[in-house]
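Chain and residue survey
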Amino acid sequence: MGEFKVHRVRFFEYMPSPIRAMAFNSRTDRLAVARGDGAVEIFNFADNYFQEKVIPGQDSRAVEALCWVGQRLFSAGLNGEITEYDLENLRPKYTVMAYGGPAWTLSMSTECFLCQVGCEDGTVKMFEILEERIQFQRNHDRQKGRIISLSWHPSGTHIAAGMMGMIRIFETETGSPANKEVVVWSVAFLSDHTVISGDSAGKVQVWDGFTGTLIKTHLITKWDVLALSDQSSLVAGTSEGTVTQFQFLPLIVGQQDKEWVRTRTFKNHSHDVRALAHTETAVVSGGMDTQLVVQPLLDRVEKNTQESALRKIAFPHRSLVCCAKKSGLLLFQFPEHLELWRLGESDGHGKPGDSLPVRKKPEKLIHLKRKGEDHICCSALSPCGGWLAYTTVSSVRLYRLQYNNNSISIKKLPKLPKELCSAHQLCFSSDSSKLFASSKHSSVIVVALGQSECKYLHTLKPKSGYGTTEQPVHLLFVSEDSKWLAAANTGCEIHIYNLNKLKLHCTVPVYSSCPTAIAIHPVTSNLVTVHANQQIFEYSLAQKEYTEWSRKLQKQGLHNLWLERDTPITHISFNPNNQAHIILHDMFMLCIIDQSLPLPDRKTLLYNQMTLRSVPESERLRHSHAFKICKNFQHLLCVSTLEDQALVVVERPLLDIMSQLPAPVRQKKFAT
Amino acid sequence: MVEHGDIRVVHRGGSKINSREPVISSDSRLLLCASGECVKVFSTSTEECIHDLRGHTGLVTGVLLRPSNHLQAYSCSADGTVRLWDFTDGILIKVHLPPPPPHPVFAAHPNTAHLYIVSAKGLQLEVYFFKKQKFSLKENNKKGRKNTFTCVASHPQDDCIATGHEDGKIRLWRNFSHKKEYTYSTLHWHHSVVSSLCFTPEGTNLLSGGVESVLVQWRYNQESQKDFLPRLGAAITHIVVSPDGALFCTSHSDNKITIIQSCVKVSAIIQGLVKGESLSTDLMVDPRSKAMVLNGKPGHLQFYSLQRDKLLFNLDIVQQEYIHQSGLQQFEVVKAAFTASGNWLASVEERKQKDAELELNLKLWMFDEQSQSFVLNTTISAPHEARITAMCFCQSTDSQTTMLVSTSKDGHFKAWQLATPAHTEDDGPSWSCDFVGAYHSLVPECCTFSADGSLLAVSFQEVVTVWSPSSWELLTTLSQPPGAIRDLCFGKLSCSKYLVGTTANNLLCCWNLLTCALEWSTSMNTSLLLADPLSENMAAFCPQAGFTDLFVFKPNEPRPLYSHKAVCSGNVTRAVFAPREEMLDSCEESSQWLNHSQLYFLTQCMVNPTNTKLSKLVIDDSIAMTPFHLLLGKHRGQQQQQESGQDSLSAERTPLPQGSAAIKEVSSSFLHV
């Protein structure tokens, strides 16, 4: 496997933000998730639950509700605004003020292109969805309390609104009395005019929408029922962290009489379940504990397949850490600020597995607060450590860093070229002379960096009319010799640019799954790509074809255990001392692929490091195969090589995240 | 005059009434339950047994009301027959013989409304539809989950199946007609195995029970609401609801059936003989009530009427809350003894926890005439340092002071005496230690007083020591090595000069205390020796190749008065002579010994019941049996044994595998002196 000196970094205090709202688009198989900091993430459920897009948050935006209309995504929040998102440029397209105080809920009718917003002042405001914008149409009768939840009848003729202590159905008005103050957190309006409500008294109630009579009450928790979602079955999330499923079942098999029956209960969360989505095969839930959980319904999927496994998505599928290889600096990205750290040093030597004494402790050099309201969406540090750049949806900022012994000076470059107004991804060339920034329509802007100024050089564009190249670039990689630039976008395309000629060299054959990490080998100039479905490719840039090794890998197929992993590979790097080594990592493991060794077939043990250790030295080679997997480090955010045969491993244990969450509702545990 | 017949063994009762679920008649007045080889009919209001439906020759495995006539019931048995009874009058109507081979017959409960049968076994749930293919489902026990099915019930109206699981969860399965779209919901209250489930007839409630001995009533479809009926005394094994839903009936692991009025209150308790984990006390007869006394439910002594086959009452010895949870070590009553008059009762309770010291308590109880019950007089905590091996009272009725002797594994025997405290206040007399004896640091095993209380015999492994209780002087030692002494008995009445002992080395010895010499001995493997308190007779049980032989003899002559080959299969570990209420005067030599008392013994027998897979040793319901006179003198001729001793008839009758020679040898060896 090779020996490395490992910097085990645990000072990145990354804290994900709680999940507030969720909307699933069954037509495109995309799930939109809104977090507490206003960020919106798009997951592609068809492509191994890959986090495709992230729209950064904003200080003033607190999303309370999300809604899909066709391919368009809308949100409403406590700032009283309705926002539509530009999913190609990963930014809000426009916002419309609802003028009703904080907006609690948003509901769309797919039939007649209307959207309704429930507001603090008790009004339900109806907006018409036009081609490019939404327009206020009218107010419903103003109610006494705030409107907490809304649900359209699928025909679009009626809407049910849940508020403090009552449910109101507009256009066929009916009310329900309540003895104590009950907040109807969520309502669902079903096609047979049944209204189902979840409230703060812990009840899920089934109402007849025509007469307003209560059909059935299910008491499912002592605390609030916070979220409801319906499909052919209905799920309710509670503040205990449980998700309860209800199914519309015939009481006697084969007969027509059906009833809503409480069936399964899942407990996958430690805190409130704030958002739920019901897909064809699974229940997706998220809440205060910041994890997104996909719980497959075992009656809808084949047993013992990859689809039937419970999946928890805890970390973002993109990089929040940038490592300057030459100078041993780490840049951590938070929504609000950036942190620059210098790695510690050690001059000790030891056996493999030993922890070395630290001579110089890691040191936080800079805490850089962002300007403006928008959250940071991407940041980069040059390999020499002399340049730092970050971008928000509205602006790009570039800083020059200078180190004089122990002091450090940071200077913002005052004037940036006007082409560089916003970017999705940033990347420095390895000699730190150029900055690349991905921009609109998959284009990449090249900026030359001088001593204290920068100059716009060129805009690299993929060939137009090349399919759907409107998707944003989510991965950028510059080769070591600064000859090649690879740019991957969420449309699954990877474009290779020749930086000497400043033009498109080739486009890698489009693969159906989105790339999650790309890298160009420093010596052989082969492009290595890993995709959301865990496939690995190696593409020769010189020959413009897949390499022999890549073909062999595809022919033989990857090991089942490799394919069954449920977190994507997020970084690729290469061992500077052995060019056959490719270093990959996902959240739970670190893997070194040795291209000189035979590939494992389906029957060999994939995780064989322990068995290898037990066999004598002479036989080891016979037993070993190309995939060397190390699970010593867990919950990885970044693994990167440094120049001096050292490895930087950035961990963020999930327990540390858990310990920073607010206390959940207290529950009595049996025998305590 | 009474015509004298033969002696035979009769099954007296004490059978399990909780082995199968009981059946409540449609008018809720009667309760039918399988009890050993008969079906008992109880009244649900008075708790009395109305009829014993006898006729089966094997264990009854199921009882079912006849659907077309609710005054008739079917019973099926391991003997391979199905019998139809009129249970209100107790008449056998018909015997059905199923076609050969005669497999044991079991009752099955088809869900006639919905045309399917549910069965759950291990991790597999199967639904057999009458018209369609079966549905089956397999749970797994991976990741330490305990999903094994333990019980199953189907809803009377809806297509809903409730299953109980080993981890205490109840699952309600629905939509199981399709292979994939089945679904279930989970109810969880029990902390241990759910042992029984039952829907009420209307299907509005689901009842569940388990080790917690709490009956839980779940509202169907509103499962968050549940009612509890706690403190039912012992783990629930079966739950049955009467057809009109008015009565619930729960069987418990302590051989009890509780009748409950709609989950509100317990209205009647039918209690059989309690057989705990082990029978640690001897069988005793309470001299006052003539009830048989043995340890019953945890921490209690039970008083059991032999005549009426009914539990009279439980005496709480431990007086601590019993925690209904498996795997806990709690106080158990291990020894008990009565004085001859029945005024005093001594009890020993112990708790042995892993890695902890043995906790021992000796308690002495005085009979209180006013309350007609035993009242705790003295508690001696840690009377010995190790387990108590034997305990007996001085049997003389005329002696002034009452004395108790206990022997222990710590190498001592202690005599306890009732003494009036020196500084007399209003405290009554209490018990204190009078003497501590030991012999060459050997472990004492048995102790017994002579009939007049003048001698105490204590056995120390192979040595018998005889002491004078008045002066605590070691009078003599008797020894017949090799082999440790197993049982010791003084002769009574005319034989009071004899001391009889059995050794672990297959020897029965009789010493003459006047000469301090061995009078006679015989080589026989005796598992149990006991003396009739009202006559000179002694009974010895000898296990022989899967069966047990009974010999009755007088110590003064080395010739058995009576012998009975193979009184039962298996080993007899406990027996007792119970005095008759009125004396018989039989003159036949072989049956004279039963004039004063009846001999009751508990058997363990090999049962090969129900399904053939279960072929392990099962401790059967205690089948207490009495040899007794057939008053009406039915001569069973050649089947019964008329004479004592070594006739060839006995060898012929008992199909012992060893053949007759061995038995003859045993019998004739009796004559050695």
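Predicted model only: the values in this text are computed from it and were never measured.

The next thing to look at is the side chain of Ser-408 of chain B. Residues and elements named next belong to chain B. Structurally, Ser-408 is set in strand E34 (residues 403-408). A polar contact is formed between the side chain of Ser-408 and the backbone oxygen of Ala-386, at a distance of 3.0 Å. Side chain to side chain, Ser-408 and Asp-410 meet in a polar contact 3.1 Å long.

Residues and elements named next belong to chain A. On inspection of all chains with the given rule, the structure shows 35 aromatic pairs over all chains. Residues Phe-332 and Trp-341 carry aromatic rings whose centres are separated by 6.5 Å and whose planes lie at 45° to one another, so their mutual orientation is tilted. A relative accessible area of 0% means that Phe-332 is categorised as buried. Looking at Trp-341, the relative accessible area reads 13%, which means it is buried. Arranged with centres 4.8 Å apart and planes meeting at 65°, the rings of Tyr-511 and Phe-537 form a pair that is edge-to-face. In this pair, Tyr-511 is assigned in the loop between strand E44 (503-508) and strand E45 (515-520) and Phe-537 in strand E47 (residues 536-540), connecting sequence segments 26 residues apart. Given the relative accessible area of 7%, Phe-537 is considered buried.

It is worth spelling out the UniProt feature "repeat: WD" (unreviewed entry) in chain B at this point. Residues and elements named next belong to chain B. UniProt's feature table lists "repeat: WD" (unreviewed entry) at residues 53-95, 142-173 and 187-228, given in the numbering used throughout. Along residues 53-95 one finds 0% helix and 63% strand; the C-alpha atoms at either end are 13 Å apart. Summarising residues 187-228: 0% helix, 62% strand, and an end-to-end C-alpha distance of 14 Å.

Turning to the sheet that holds strand E39 (residues 463-468) of chain B, a few remarks are in order. All names here are of chain B. Taken together, four strands build an open sheet; the order of strands is E37-E38-E39-E40 and the sheet is antiparallel. Across the chains shown, the open sheet's two edge strands, defined by having one partner strand only, are strand E37 (444-449) and strand E40 (473-479). Shown here is a sheet whose adjacent strand axes are inclined to one another by a mean of 20°, direction ignored. By the bridge criterion, six bridges tie E39 to E40 in an arrangement that is antiparallel. Paired with Thr-465 across the bridge in E40 is Thr-477.

Residues and elements named next belong to chain A. For the coordinates displayed, the defined rule picks out 26 salt bridges over all chains. In this structure, Arg-342 engages Glu-363 in a salt bridge whose closest nitrogen and oxygen atoms are separated by 3.4 Å. Of this pair, Arg-342 sits in strand E31 (residues 337-342) while Glu-363 sits in strand E32 (residues 363-369); the two residues are 21 residues apart in sequence, bridging distant segments of the chain. Taking relative accessible area as the criterion, Glu-363 reaches 32% and is therefore assigned partly exposed. Between Glu-345 and Lys-360 there is a salt bridge, with its nearest N and O atoms 4.0 Å apart. Taken together, the residues Glu-345 in the loop between E31 and E32 and Lys-360 in the loop between E31 and E32 connect sequence positions 15 residues apart.

Conventions used here
- Residues numbered from 1 in each chain as written.
- Chains lettered and ligands numbered in written order.
- Predicted model: local features only at pLDDT ≥ 70, side-chain atom pairs only at ≥ 80, totals over all residues.
- Heavy atoms only, no water.
- Helix = DSSP H or I, 4+ residues; strand = E, 2+ residues; numbered from the N terminus.
- Polar contact = N/O pair within 3.5 Å; in protein donor to acceptor, adjacent residues only side chain to side chain.
- Phe/Tyr/Trp six-rings, centres within 6.5 Å; stacked < 30°, edge-to-face > 60°.
- Buried < 20%, exposed > 50% of the residue type's maximum accessible area, 1.4 Å probe, protein only.
- UniProt positions renumbered as here; feature names shortened; annotations may be inferred.
- Pairing = 2+ DSSP bridges.
- Axes fitted to C-alpha atoms, helices over the stretch in contact; angles between N-to-C directions.
- Salt bridge = Lys/Arg side-chain N within 4 Å of Asp/Glu carboxyl O.

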